[in-house]
Amino acid sequence: MLPNATLAESFDEFKESYIEWLLSRGAEIGKIELREDRVKLYRGLFANDDIREGEQILFVPQEIIIMSESLYDTDVGRKIKEMELFDKLTFGSSAILSI
């Protein structure tokens, strides 16, 4: 189960628990970090060192990747499908669900 994030929890606290969750399930994180830009209100992955061509910067085991197909097998996914919200949460083939 993904770490819980409450409204009172800071992004930094959530980030730490999320990274621990990923690593404990076999993810490998290279020269990148998850950052939040509070001014522009976005989150993303950023390089924290030079990256060589072909260097692996992130590995996430398939069994912990959340895709639209596997989303429907969860309580949240069934509710999204029931409420016909999935089309509103995607743009083309890209989901906009994020942490």
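Structure report, in brief. (Residues numbered from 1 in each chain as written. Predicted model: local features only at pLDDT ≥ 70, side-chain atom pairs only at ≥ 80, totals over all residues. Heavy atoms only, no water.)

What about the pattern of salt bridges?
So, point 1. Scanning all chains against the criterion turns up 4 salt bridges.
So, point 2. Between Glu36 and Arg43 there is a salt bridge; the shortest N-O distance is 3.4 Å.
So, point 3. Its relative accessible area of 41% is what places Arg43 among the partly exposed residues.
So, point 4. Residue Glu55 is joined to Arg52 by a salt bridge in which the shortest nitrogen-to-oxygen separation is 3.9 Å.
So, point 5. With relative accessibility at 58%, the residue Arg52 sits in the exposed group.
So, point 6. Through salt bridges with shared partners, one network takes in Lys31, Arg52 and Glu55. (Salt bridge = Lys/Arg side-chain N within 4 Å of Asp/Glu carboxyl O. Buried < 20%, exposed > 50% of the residue type's maximum accessible area, 1.4 Å probe, protein only.)

Points about the pairing of strand S2 (residues 32-37)
Remark: a regular strand shows side chains that alternate across the two faces of the sheet.
So, point 1. For S2 and strand S3 (residues 42-47), the ladder comprises 6 bridges, and the chain directions are antiparallel. Considered in S3, the bridge of Arg35 is made with Gly44.
So, point 2. Two successive antiparallel strands, S2 and S3, enclose a turn made up of 4 residues, where Leu41 displays a positive phi of approximately 60°. (Pairing = 2+ DSSP bridges. Helix = DSSP H or I, 4+ residues; strand = E, 2+ residues; numbered from the N terminus.)

Any functional reading would require information that these geometric values do not contain.
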